[in-house]
Amino acid sequence: PSSQVARVLSPAKYHCQAPFFSIVNEDGTIAFPKYTVETWEKEAEYAVAGGLDYFAYLWYETDDLMSEPRKYHLQSEKKDTIKMCGILEGFRSPKSMKELYEAMKDSCYLRVDGRPVVFLYSFGSWTAEEINELRQGAANAGIEKALYVIGMSNTTDYTKFLQNVRKGIDGVSWYSVSAY
């Protein structure tokens, strides 16, 4: 995806929207160097200076390149500079779920009243049984306090919204809401 983003940001009028670590080539195109722990640390520093408290990472499979930022977060000596939490679209492989539960034990993982926070993307597609299974998986992995589950809604339909809320979550967030 980074090559696609670089291509989209390559017209000069979009250079101001390119990430701080971007490189402008001689021909004016944008390129991204390899993402590293040091890049993550600088990004975290900027985020904190901008008032952010945590990064919410879409929990990609462990071998997906998109999982590198969350891994660098956990590897960094500066990991406690900013908290982290996971966003799940659905259950991941056992290995990736194990990584999520292990991350929840780390000092940098976001908690509410001592409970590890996890966002559920496209919340309407999650069942109450799946939410309970997620909580039980965390408990089986040694997470002492029940997960603090936040459903990411994307509906403006109040009836659907209430049906989703009744699935046993602790909080609601909106990923995006259409005006139509």
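Presented here is an overview of the structure given in this document. Note that the coordinates shown come from a computational prediction; the quantities given were computed from them, not determined experimentally.

1. Focus on the environment of S173
And then number 1: Structurally, the position occupied by S173 is in strand β8 (residues 171-174).
And then number 2: S173 sits in the partly exposed class, given a relative accessible area of 21%.
And then number 3: For S173 and P19, which are 154 residues apart along the polypeptide, the C-alpha to C-alpha distance reads 26 Å.
And then number 4: When neighbours within four sequence positions are excluded, S173 is seen to be in contact with F119, I150, G151, M152 and S153.

2. Quick notes on the pattern of salt bridges
And then number 1: Following the criterion strictly, the structure yields seven salt bridges and no others.
And then number 2: With its nearest N and O atoms 2.6 Å apart, the salt bridge here joins E89 to R92.
And then number 3: Looking at E89, the relative accessible area reads 37%, which means it is partly exposed.
And then number 4: A salt bridge links D170 to R115; the shortest N-O distance between them is 3.1 Å. Remark: R115 occurs in strand β6 (residues 115-120) and D170 occurs in the loop between α6 (158-165) and β8; sequence separation between them is 55 residues.
And then number 5: The exposure class of D170 is partly exposed, given its relative accessible area of 31%.
And then number 6: Three or more residues joined by partner-sharing salt bridges are found here, namely R115, R135 and D170.

3. Regarding the environment of S67
And then number 1: Checked against the element boundaries, S67 lands in the loop between β3 (54-58) and α3 (68-75).
And then number 2: Along the chain, S67 and Y57 lie ten residues apart, while their C-alpha atoms are 8.2 Å from each other.
And then number 3: Those residues within four positions of S67 in sequence are excluded, and the remaining contacts are Y60, E61 and T62.

The rules behind these values
Residues numbered from 1 in each chain as written. Predicted model: local features only at pLDDT ≥ 70, side-chain atom pairs only at ≥ 80, totals over all residues. Heavy atoms only, no water. Helix = DSSP H or I, 4+ residues; strand = E, 2+ residues; numbered from the N terminus. Buried < 20%, exposed > 50% of the residue type's maximum accessible area, 1.4 Å probe, protein only. Contact = heavy atoms within 4.5 Å. Salt bridge = Lys/Arg side-chain N within 4 Å of Asp/Glu carboxyl O.

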